[in-house]
Amino acid sequence: MAPMTCCCSLVTLRRWLPVLAWLPNYSLQWLKMDFIAGLSVTLTVIPQALAYAEVAGLPPQFGLYSAFMGCFVYLFLGTSRDVTLGPTAIMSLLVASYTFHEPAYAVLLAFLSGCIQLALRFLGLGFLLDFISCPVIRGFTSAAAVTIGFGQVKNLLGLQHVPRQLFLQVYHIFRNIGDTRVGDAALGLVCALLLLLLRLLRARLPPVHREMALGARLSHGLLWTVTTARNALVVSFAALFAYSFEVTGYQPFVLTGKIVEGLPSLQTPPFSLATANRTASFTDMVQDMGAGLVVVPLMGLLESIAVAKSFASQNNYRIDANQELLSIGLTNVLGSFLSSFPVTGSFGRTAVNAQSGVCTPAGGLVTGRPGGCHHHGRGPPVRHQDRQGALAREEYVVPPLSARGPRGSPAISSEPQWLGLDLLPLCVTFLLCLWEVQYGILAGTLVSMLLLLHSVARPEMQVSERPVLVLQPASGLYFPTIEALREALVSRALQASPPRCAILDCSHVCHVDYTVVLGLGELLGDFRRQGVTLAFVGLQGPVLRGLLSTDLKGVQHFPTLEEAEKCLSEGPGTQPYSCSDDSVPEHRVALLKA
């Protein structure tokens, strides 16, 4: 008994700490691949972290603060070898919507989001994410692509004091187009062009073959490194170019400014905020963030799990969704003690990680080594980084958001039978997210749930006009369905001249509730008063058990449709199963009573 208990304890420990499953088999080859992948992600995450902080309306160092905690947490708790946790475009846009460009609100939002995500994990409420449908996510990500992409136009033109709201941005940009800074616009266009060329080169880079010569392999590796790290290289080029003007005493560009050096101090999240006008208590801050306390943690979980499942299916391994909930929740809670804003799984950096050949989550040690991300923020290149680098950095964000769904699938399905159903919540979400993110997500989710409820209340019913009317519901019968079922049977059978018998084919029905059973009893009475019969075919165990439990009178159940038609069209001959224990077969009586 003791060995069995020990074995169960070890399995439980490995389930809660997945690092114990792969660490004993770790090899030098894995170390090499993890180091290369971690270095590639590091070159990507630094410029992205700075860009995402700007999208969130926070000082750039907060993007770096948010970039490394997830690497260490996921090393021990993650079940996907590819996923990297950190700041993303979607999370940054949501943070900007709910934190008023105030770092204290962003850090507190990270803490509360992590607590909510952990609560969902331990209470088993992760199924709530299933009610946010793919059209809602795709409408939101498409609107985010437009909002983030257009938000960089003001940086490209060097305009200042432009509002965050999209429609106000359009108005102010066209109103102040004459104030465009030529230097900023020129450098931004050059950066965008370089990124586009490097991206096209990366897409057309041929695969490596064993027959290739050593020189060709080295050239291929150099090109792969340059094209993969294009964000970091182009941003470094822009920063050095701007720094060269700073040295000469002439600066034609708008700069990011000095970034605070060193790691943030370990401290509890701010539960109050003192400003010049007032002191906001914890309750005031929670009320100010409002719907963000629901939208941010749910969207973070949805994005992270979608990314993990996508790469798990591509690379033939499985993930534990509950463990992923634990990882992202704990990352946000612990990160808030180091001034992080909410983070989630990044599709772009996860793709870089997978393409680099990562073998285990240990690649995150290279990406998030103690202070590694932030110490890369030192020195003149970043301190004097031109703000046009924001336009260049967003190259890695906007096209993937607008072209992909949450799992890398096309943003809108090309199948015509899905367009009519999916376009409504997608369009509602997209249009309202251009106005306010929370309204778009909530309205799109509401529309999706209304469509779902309509399909439950009015399921498809196949009607066969035989000598006996046959009606077959396509799904389960629930209390909103009984009125539609009654209308279909009454209009086609009882209101016919003369009234006719009907067969209800329940072969696709696996569940009925008490309201449906009462409604069926009323239908049986209506048919009996008209001198015709309503018979049932294909009643499954749970459904038949529900009918037996209410002692309905006059229920006739046939095993096959042919027997039911023969009995009802030719009169007595084939004996149906009634709901009395005397006429139901013995094996079925035993099953139902059990």
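Residue numbering note: each chain is counted from 1, following its sequence as written. Under the rules for a predicted model, residues below a pLDDT of 70 receive no local features and side-chain atom pairs below 80 are neither given nor counted, while totals for whole chains, interfaces and linings still include all residues. Hydrogens and waters are ignored; side-chain quantities use all the structure's heavy atoms.

## Overview of the overall build of the protein chain
Inclusion rule: Under the scheme used here, helices are H or I runs from DSSP no shorter than 4 residues and strands are E runs no shorter than 2 residues, and both carry numbers assigned from the N terminus. Three labels apply to residues, based on accessible area from a 1.4 Å probe with only protein chains included: buried if under 20% of the type maximum, exposed if over 50%, partly exposed otherwise in between. Any two residues having at least one pair of non-hydrogen atoms within 4.5 Å are treated as being in contact. Here the Shrake-Rupley method, with its probe set to 1.4 Å, supplies the accessible areas, and only the displayed protein chains count as covering residues.
Counting its secondary structure elements, the protein chain contains 29 helices and 9 strands. Across the 594 residues that make up the protein chain, the buried fraction comes to 51%. A sequence separation of at least 24 residues applies to 77% of the contacts in the protein chain between residues at least 6 apart. Summed over all atoms, the accessible surface of the protein chain reaches about 28000 Å², with 64% contributed by carbon and sulfur.

## Points about the nonpolar core
The criterion, for reference: To form a nonpolar core, buried Ala, Val, Leu, Ile, Met, Phe, Trp, Tyr and Cys residues must be joined to one another through side-chain atoms within 4.5 Å.
Counting 70 residues, the largest nonpolar core has L94, F140, M299 and I441 as the members making the most contacts within it. Of the residues forming this core, the biggest block, 12 residues, is contributed by helix 15 (residues 292-314). With near-sequence residues (within four places) excluded, M299 lies in contact with M91, L94, I137, F140 and I441. Residues L471, L504, L523 and L547 belong to the second largest nonpolar core, which totals 42 residues.

## A look at the pairing of strand 8 (residues 534-537)
For a regular strand, side-chain orientation follows a simple rule: the groups alternate between the two sheet faces. Formally: A pair of strands counts as paired when DSSP detects no fewer than two bridges linking them. Crossover handedness is defined by viewing with both strands directed away from the observer: a clockwise path from the first strand over the helix to the second marks the crossover as right-handed.
Neither face of strand 8 is open: one carries L534 and F536, the other A535 and V537, and all of them are buried. As paired strands, strand 7 (residues 502-505) and strand 8 are joined by 4 bridges and run parallel to one another. In the sheet register, D505 faces strand 8, and the bridge partner there is V537. Assessed by its sense of winding, the connection that carries the chain from strand 8 through helix 27 (residues 541-549) to strand 9 (residues 556-558) is right-handed.

## Some remarks on the packing of aromatic side chains
As a reminder of what qualifies: Side-chain rings of Phe, Tyr and Trp (the six-membered ring for Trp) are treated as a pair once their centres are within 6.5 Å; stacked means planes under 30 degrees apart, edge-to-face means over 60, and tilted covers the remaining angles.
Within this structure, the stated rule accounts for 11 aromatic pairs. Ring centres of W16 and F122 lie 6.2 Å apart, and the angle between their planes is 15 degrees; on these two criteria the pair is classed as stacked. Of the two residues, W16 sits in helix 1 (residues 2-16) while F122 sits in helix 7 (residues 103-123), which places them 106 residues apart along the sequence. On the accessibility criterion, W16 (32% relative accessible area) is partly exposed. With a centroid separation of 5.2 Å and an interplanar angle of 75 degrees, the aromatic rings of F241 and F245 are classed as edge-to-face.

## Details of unusual backbone geometry
Geometrically, the link from S497 to P498 is a cis peptide bond, its omega value of -5 degrees lying close to zero. Residue placement: P498 occurs in the loop between helix 25 (482-494) and strand 7. Look at F100: it is not a glycine, yet its phi comes out positive at around 60 degrees. Topologically, F100 is positioned in the loop between helix 6 (89-98) and helix 7. Phi angles above zero are rare outside glycine, and H101 is one such case at about 60 degrees. Along the chain, the position of H101 falls in the loop between helix 6 and helix 7.

## Some remarks on the pattern of salt bridges
Let me state the cut-off plainly: Only one rule defines a salt bridge in this text: a Lys or Arg side-chain nitrogen within 4 Å of an Asp or Glu carboxyl oxygen.
According to the stated counting rule, one finds 5 salt bridges in the structure shown. Of the charged contacts, one joins D288 and R278 as a salt bridge, the two residues approaching to 2.9 Å between their closest N and O atoms. Taken as a pair, D288 in helix 14 (residues 282-289) and R278 in the loop between strand 2 (273-274) and strand 3 (279-280) lie far apart in primary sequence, 10 residues in all. In this structure, the salt-bridge partner of R486 is D526, at a minimum N-O distance of 2.9 Å. On the criterion of sequence distance, the pair formed by R486 in helix 25 and D526 in helix 26 (residues 514-529) is long-range, its members being 40 residues apart. Taking the relative accessible area as the measure of exposure, D526 reaches 19% and is therefore buried. A cluster of three or more residues bridged by salt bridges with shared partners is formed by R486, E522, D526 and R529.

## Description of helix 12 (residues 214-228)
This is how it is decided: Working rule for helices: expected span equals 1.5 Å times residues minus one. Note: the arc covers the axis-to-C-beta directions of the helix.
Between its first and last C-alpha, helix 12 extends 21 Å over 15 residues, near the 21 Å set by a 1.5 Å rise per residue. All buried positions along helix 12 are accounted for by H220, W224, T227 and T228. Axial view of helix 12: buried residues confined to an arc of 90 degrees, hence all on one face. What points out from helix 12, more than 90 degrees from its buried face, is the exposed set L214, L218 and L222.

## Topic: the environment of F150
Its place among the elements puts F150 in helix 8 (residues 134-151). Taking the C-alpha atoms as reference points, F150 and Q169, 19 residues apart in sequence, are found 8.4 Å from one another. Sequence-distant contacts of F150, that is, excluding residues within four places in its chain, are made with L166, Q169, V170 and I173.

## Section: the packing of helix 6 against helix 24 (residues 437-457)
In helix packing, the relevant descriptors are the interaxial angle and the interaxial distance, both defined with respect to the helix axes. Selection rule: Angles here are taken between N-to-C directions and fall from 0 to 180 degrees, while the axes themselves are lines fitted to C-alpha atoms, restricted in helices to the stretch in contact. Oblique is the label for every angle not falling under 35 degrees (roughly parallel), over 145 degrees (roughly antiparallel), or within 65 to 115 degrees (roughly perpendicular). Residues are grouped as follows: Ala, Val, Leu, Ile, Met, Phe, Trp, Tyr, Cys and Pro are nonpolar; Asp, Glu, Lys and Arg are charged; every other residue, Gly included, is polar.
The interhelical angle for the contact between helix 6 and helix 24, taken along N-to-C directions, is 115 degrees, at an axis separation of 9 Å. With respect to their mutual orientation, helix 6 and helix 24 come out roughly perpendicular. Between helix 6 and helix 24, the residues in contact are L93, L94, S97 and Y98 and V437, Q438 and I441, respectively. In the contact of helix 6 with helix 24, the residues fall into 5 nonpolar, 2 polar and no charged.

## Looking at the confidence of the model for the protein chain
Defined as follows: Residue-level confidence of the predictor is summarised by pLDDT, bounded by 0 at the bottom and 100 at the top.
Per-chain confidence: the protein chain averages 80 in pLDDT, with 85% of residues scoring 70 or above. pLDDT under 50 marks residues 375-381. Its contacts with residues more than four places away, or in other chains, come to 14 contacts. Below pLDDT 50 for its whole length, residues 403-409 participates in 21 contacts with residues either more than four positions away or in separate chains.

## A look at the sheet that holds strand 9
Sheet architecture is open: 5 strands sit in the order 5-6-7-8-9, paired in mixed fashion. Since the sheet does not close on itself, it has two edges, and those belong to strand 5 (461-465) and strand 9, each with one partner. For this sheet the average axis-to-axis angle between neighbouring strands, irrespective of direction, equals 25 degrees. Here strand 8 pairs with strand 9 via 3 bridges, running parallel. Paired with V537 across the two strands is F558, which belongs to strand 9. On top of the sheet, helix 26 reaches strand 7 and strand 8; it is set at about 135 degrees to strand 8, its chief contact.

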